[in-house]
Structure formats: C-alpha cells, structure tokens
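Chain by chain, the residues run as shown.
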Amino acid sequence: MKIVCTSDAYVDIDGLASMVAYVELLNKTNEPAAAMSEARLNASIPSEMRSWPFDLKMPEPKSDDTFILVDISNPTWIPPWVDENRIEAVIDHHPGYEEYWRERIDGGTQIEMMGAAVTMIWEKWRDSGLLDQVSETSARLIACAILDQTLNFQASVTTDRDRTAYDDCLGRANFDGDLKEWYFSSVQADIEHDLENAIKNDTKSDFKIPSLEPTIKCAQLAVWDGKDFLTKYGRKIVDVLGDDEYWLLNLIDISGGKSQFFTNERMTAKVITELTGAQFDDDGLLAVADRPWLRKEIIKAGIERAKS
C-alpha cells in the first residue's frame, strides 16, 4: 500500500487537502493508498471543516508499504515512522531541497514553486481523466487550500495553475454560500477562540533565512480582518512566543491585503525590512508590509538575496 503523509510538525490545510485528494485518486486508479498522520491539525483547518467526511488514519505502516510525501521536502519534518528508504515520491512547493531528493529518488521528485502544493495534486486528477469523479470533499479541500496558500490570490507565489485549479474545484465543491468568506472567517474565529494553540500549531521552530543567524521561531497566522488584531492580542502573543528565544510573527490580513510583522529582536526586524521593504516603528518591533507575505516567500527572497 502507498501511504501518503505530510509534515510531522503539524498538518495544515494544504497538507490535509493534498493527502486526502491524492489518496482518493490513487484508490480510484486501483492503487491502494491511505492518508496517515499523528500530527496536530493547525488553525488553517477550521473546526467545522474537521467534520467533513475525510479519512485520516493514525500511522500503522507495514514492512512492504511505500511512502509519498506531500507538502513537505525538508527532511527534518519527515515523520519518524516513515522509512526514508521506501519513499517513492515527493510533491512539494517549498524551495531548498530539490537536489537532495533528486539524488535519492529516480524520477519521483516534483518540487515546484507555486501557491499550493495541492495544485499539483489537482493536475494529477486532471491528467488522469477522472476529474468528474472527484468528491465534493476533495474539491472543497483543494479550493480552501489554494485560497489559504495564495492568500486569496494576493501572494507573489500565486500562479495561473493555482487559479485554474481553484476555479475548477470551486465549480465542483457544491458549497452553499461564499466559500472564500466562509473559510477565512471560520479560521479567524477559531484562532481567536484558542489563540495560544493557534500560534503553537503554526510555528516553525527552525525558521532559517540565509542572511539571518541564528535560526528563529516564526509563527504565521492568516485572518480575514487583521485591523485591530495585534492591538487586542499583542500581549497574549508575546506571552505565548516567550522571551527566551528570538521570534517573528507574520500576521496576514486577508481583507486588508497586507502582512504585519511583529518581532522581539532588532536584527530580525532589519532583515525583514531588507527582504520585504516593511518599515518597523520607532521601537523597531512592529511593521506593516504593503502586501501579504508567506513564510516561504521570505525564505525565497533570502535565498535570492544571498545569491546576488
């Protein structure tokens, strides 16, 4: 059997949609497959969505199972129950580990910079000729993941491939209402209900920008309306992220079309200004960018700057 899995740190909407939709396709093409994870679901998967009919199993790999990694290529985040010698494919949109996997998997690597990893899963559905058989659940998950990962198509990593996949899946989702507004509003409501876990469940503890030493913690939250978010919750955010390590919060305001950066360290602020153009306030700890940024966009900008 093929086991489709994602990061061991947490499962976000892109990882979940990629696992669920790809497993559904594999099973329809007579390739037994299952989605497996024991990682926590983060705030990009709102509580109502968790009641949708998808099957995410606890890990029970057998000795002859093979593994497909989706929305992950950093070896650090491979689940410990995955045998790396039996990984047959890697499908991801994060830069940095392309050569690592090309050397280990013959023809099984698909790492491409785009908005959502799940866009590549949708393309596999399209190329299979089975799109008319995709479930409403998979279509909804794919559409929501693309909205999330492209920041409602405002992120620079957004491609025409993402837009095409979204338009197709929205037409198949049979969702009663405005899926975009429902999704981002639901995410924000869940974040505000349990801010501490929302932050903890979407924090990269080893966030690395080439021009920034050492690595820092980087939390990312995407909300529908971020206008007064930091005013209301700034103290709580500081309490959760702590004073014993350097950290950065990227608060993405979807309706406002911008990122707000909040940090406890001036060198981090300096690097973020150099990479994004966001100017920090007199205290040097809070800045507003003129557009939304994703963590992976910041890393990409850092890589490109280091090469120049």
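Our subject is the structure that appears above.
Residues numbered from 1 in each chain as written. Predicted model: local features only at pLDDT ≥ 70, side-chain atom pairs only at ≥ 80, totals over all residues. Heavy atoms only, no water.

What about helix α10 (residues 295-307)?
Working step 1: Taking 1.5 Å as the rise per residue, α10 with 13 residues should run 18 Å; its terminal C-alpha atoms sit 19 Å apart, in good agreement.
Working step 2: Where α10 is buried, its residues meet α4 (136-150), β6 (203-207), β7 (216-223), β8 (247-253), β9 (258-263) and α9 (266-276). (Helix = DSSP H or I, 4+ residues; strand = E, 2+ residues; numbered from the N terminus. Expected span 1.5 Å × (residues − 1). Contact = heavy atoms within 4.5 Å.)

Quick notes on the sheet that holds strand β3 (residues 66-70)
Working step 1: Read across the sheet, five strands follow the order β2-β1-β3-β4-β5 without closing on themselves; strand pairing throughout is parallel. Across the chains shown, the open sheet's two edge strands, defined by having one partner strand only, are β2 (33-35) and β5 (109-111). On average, adjacent strands in this sheet sit at an angle of 20° to one another, irrespective of strand direction.
Working step 2: Examined bridge by bridge, β3 and strand β4 (residues 87-92) share four bridges and lie parallel to one another. Across the sheet, residue I68 finds its bridge partner in β4, namely A89. (Pairing = 2+ DSSP bridges. Axes fitted to C-alpha atoms, helices over the stretch in contact; angles between N-to-C directions.)

Considerations on the packing of α4 against helix α5 (residues 160-173)
Working step 1: Where α4 contacts α5, the two axes come as close as 8 Å, and the packing angle between them is 140°. Like other packed secondary-structure pairs, α4 and α5 cross with a definite hand, here left-handed. Between α4 and α5, the residues in contact are E136, A139, R140, I142, A143, I146, L147 and T150 and D162, A165, Y166, C169, L170, R172 and A173, respectively.
Working step 2: Grouping the constituent residues of the contact of α4 with α5 by class yields 10 nonpolar, one polar and four charged. (Left-handed = near helix turned anticlockwise from the far one by under 90°. Nonpolar A, V, L, I, M, F, W, Y, C, P; charged D, E, K, R; others polar.)

Overview of α5
Given 3.6 residues per turn, any residue in an α-helix points the same way as the ones three and four places further on.
Working step 1: Taking 1.5 Å per residue as the helical rise, α5 with its 14 residues ought to reach 20 Å, and the 20 Å between its terminal C-alpha atoms agrees with that figure.
Working step 2: Looking only at α5, the buried set comprises D162, A165, Y166, D168, C169 and A173.
Working step 3: Each element contacted by the buried residues of α5 is listed here: α3 (118-128) and α4.
Working step 4: In the stretch just after α5, N174 is the one whose phi turns positive, near 50°. (Buried < 20%, exposed > 50% of the residue type's maximum accessible area, 1.4 Å probe, protein only.)

Things to note about the sheet that holds β8
Working step 1: Pairing is mixed across the open sheet formed by six strands, whose spatial order is β6-β7-β8-β9-β11-β10. Unpaired on one side and paired on the other, β6 and β10 (279-280) mark the two borders of the sheet.
Working step 2: Relative to β9, β8 runs antiparallel, the two sharing six bridges. Paired with N250 across the two strands is F261, which belongs to β9.
Working step 3: In this fold α10 packs onto β6, β7, β8 and β9, with an angle of close to 15° to the strand it touches most, β6.

Concerning the packing of aromatic side chains
Working step 1: Taken as a whole and judged by the stated rule, the model has nine aromatic pairs.
Working step 2: Residues F175 and W182 carry aromatic rings whose centres are separated by 5.4 Å and whose planes lie at 50° to one another, so their mutual orientation is tilted.
Working step 3: Their ring planes at 65° and their centres at 5.1 Å tell us that Y183 and F184 sit as a pair that is edge-to-face.
Working step 4: Look at Y183 and you get buried, because its relative accessible area is 0%.
Working step 5: Three or more aromatic residues link up through ring pairs in this structure, and these residues are W52, F175 and W182.
Working step 6: Seen from the ring of W293, R291 lies directly overhead, with NZ or CZ sitting 3.8 Å from the centre. (Phe/Tyr/Trp six-rings, centres within 6.5 Å; stacked < 30°, edge-to-face > 60°. Lys NZ or Arg CZ within 6 Å of the ring centre and 35° of its normal.)

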